[in-house]
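# Residue-level structural notes
Given next are the chains, with one letter for each unit.
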Amino acid sequence: MAGEKRALARAITLIESDDPAGWELVREVYPRTGAARIVGFTGPPGVGKSTLIGALTAELRKTERQVAVLSIDPSSPFTHGALLGDRIRLSDHFLDPGVFIRSMASRGALGGLSEAALQVALAMDAAGKDDVLIETVGVGQAEIDIVDHADTIVLALMPGSGDSIQALKAGVMEIPDVIVVNKADHPLTDSMVREIRGVLALGPMTDWKVPILKTEATEGRGVAEVAEAIDAHHGHIAAQGTLEERRGRNLRNEVLGLAAVRLRRELERSLRGDPSVQELLDRVVRREVDPASAAEILLERRRA
C-alpha cells in the first residue's frame, strides 16, 4: 500500500499461484481500492497493442501519473507454458520508478484474460497506481472478457489485416469506448476508418460517440489524442453516473466467475479416482448415455 514494487510483485505472485495468502491479501486491501482508472486494450494479434501501451505509458508519465501495466500472454494448450514476451515492447519504461509492468499467462482462460486478472488489477490499484492498463491476449469475435474488467475499453485494429476485418463483425465491435487504427501509414487506413464508421452507425445510439483515432505507435504519432479520448470517456461516464454502474457489473461478474471456477475445481477433485464416474464416462463414449444426461447424473450425485 506504500507503493513498494517488490511487495506488489510478491503479492501478484501469491494471487496468480492461487495461494490462500494471496486471497487473504486482496481481502485486506480491497476497501482501499477504487481510485485507479482501469483501461483495457483488446484487438487481434499483431496490431501493435503492446507498442501502443508503451507509447501511451510515456504520454501518461508526462503528467506524473503512476502507471501499472498488466499484459496477458497466451498459454500453450499442450505444455501450458507462456512466452510472456509482451513486456519486451515496454523496455523503455523498465527503469522508470513510476511504472510497474507485469506479464501473466492466460492459462487457457477463454476471453483473452487470466482468471486472476481483476484480482491483480485490484492489488495494483491498492498500491496507489493512477492508471492500470490491461492488455489482453489477441482476441476474436467471442473472446471479449475485458468488458467485465475495465472502466474504458480501447480496441486496436490495423488496416489491411483480415483479422481486423473480422473484428468489425458483431461481438468485438460492440464493446469499445475508443477505437484506434494503428500503423496508420498504411494506404488502406482511410478506407478502414470509413468501414468502422459504417459498422458503428448500425449499432444502437448511445450518449457516447466512439472516437476513431489514427496512430503510429512506433513513432508516437496520435498517442496524445488516445490519452485525451480515454480522459474524455472516463470523465463522461463519471458525470453520467455509469462508472459506478460499470464497476458494480464487473465485480458481480467477477464473483460469479470465481465461484464457477472454484465449483468446477471442487467437482473435478471430488470425482477424481471415483470408479463409478469413470464407468459413466465410458458409457458416454459407448454412446449409451448422452453428455447432458451424464452431467445431470453427476450433479444429482453431488446434491445428494
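Shown above is the structure to which this text applies.
Each helix and strand counted, the protein chain has 10 helices and 7 strands in total. For the protein chain, the proportion of contacts with a sequence separation of at least 24, taken over those separated by at least 6, is 75%. Carbon and sulfur atoms make up 55% of the accessible area of the protein chain, which amounts to about 16000 Å² in all.

Turning our eyes to something else, we now look at the sheet that holds strand β1 (residues 37-42). Within the open sheet, the 7 strands sit side by side as β3-β2-β4-β1-β5-β6-β7. Their pairing is parallel. Looking at which strands have only one partner, the edges of the open sheet turn out to be β3 (99-105) and β7 (212-214). Put simply, the sheet's adjacent strands are angled 20 degrees from each other on average, direction ignored. The sheet contact formed by β1 and strand β5 (residues 152-157) spans 4 bridges and is parallel. Considered in β5, the bridge of Gly40 is made with Ile153. Seen against the sheet, helix α6 (residues 189-202) touches β5, β6 (178-181) and β7 and runs at an angle of roughly 170 degrees to β7.

For Ala156, the location among the structural elements is in strand β5. Aside from chain neighbours lying at most four places away, what touches Ala156 is Thr42, Gly43, Pro44, Val47, Lys49, Leu52 and Val180.

Turning our attention to unusual backbone geometry. Leaving glycine aside, a negative phi is the common case for residues, and trans is the common case for peptide bonds. Positive phi, normally seen in glycine, also occurs at Glu64, with a value near 65 degrees. Residue Glu64 is classed as exposed on the basis of its relative accessible area of 59%. Located in the positive-phi region is Lys183, a residue other than glycine, with phi close to 55 degrees. With respect to the helices and strands, the residue Lys183 is situated in the loop between β6 and α6. Classification of Lys183 by relative accessible area gives partly exposed; the value is 33%.

This next bit is on the pattern of salt bridges. Within the structure shown, the criterion is met by 17 salt bridges. Arg221 serves as the salt-bridge partner of Glu216, at 2.8 Å between the closest nitrogen and oxygen. The network of salt bridges with common partners includes Arg37, Arg65, Asp131 and Asp231.

Basis of the calculations
- Residues numbered from 1 in each chain as written.
- Predicted model: local features only at pLDDT ≥ 70, side-chain atom pairs only at ≥ 80, totals over all residues.
- Heavy atoms only, no water.
- Helix = DSSP H or I, 4+ residues; strand = E, 2+ residues; numbered from the N terminus.
- Contact = heavy atoms within 4.5 Å.
- Areas by Shrake-Rupley, 256 points an atom, 1.4 Å probe, with all protein chains shown as cover.
- Pairing = 2+ DSSP bridges.
- Axes fitted to C-alpha atoms, helices over the stretch in contact; angles between N-to-C directions.
- Buried < 20%, exposed > 50% of the residue type's maximum accessible area, 1.4 Å probe, protein only.
- Salt bridge = Lys/Arg side-chain N within 4 Å of Asp/Glu carboxyl O.

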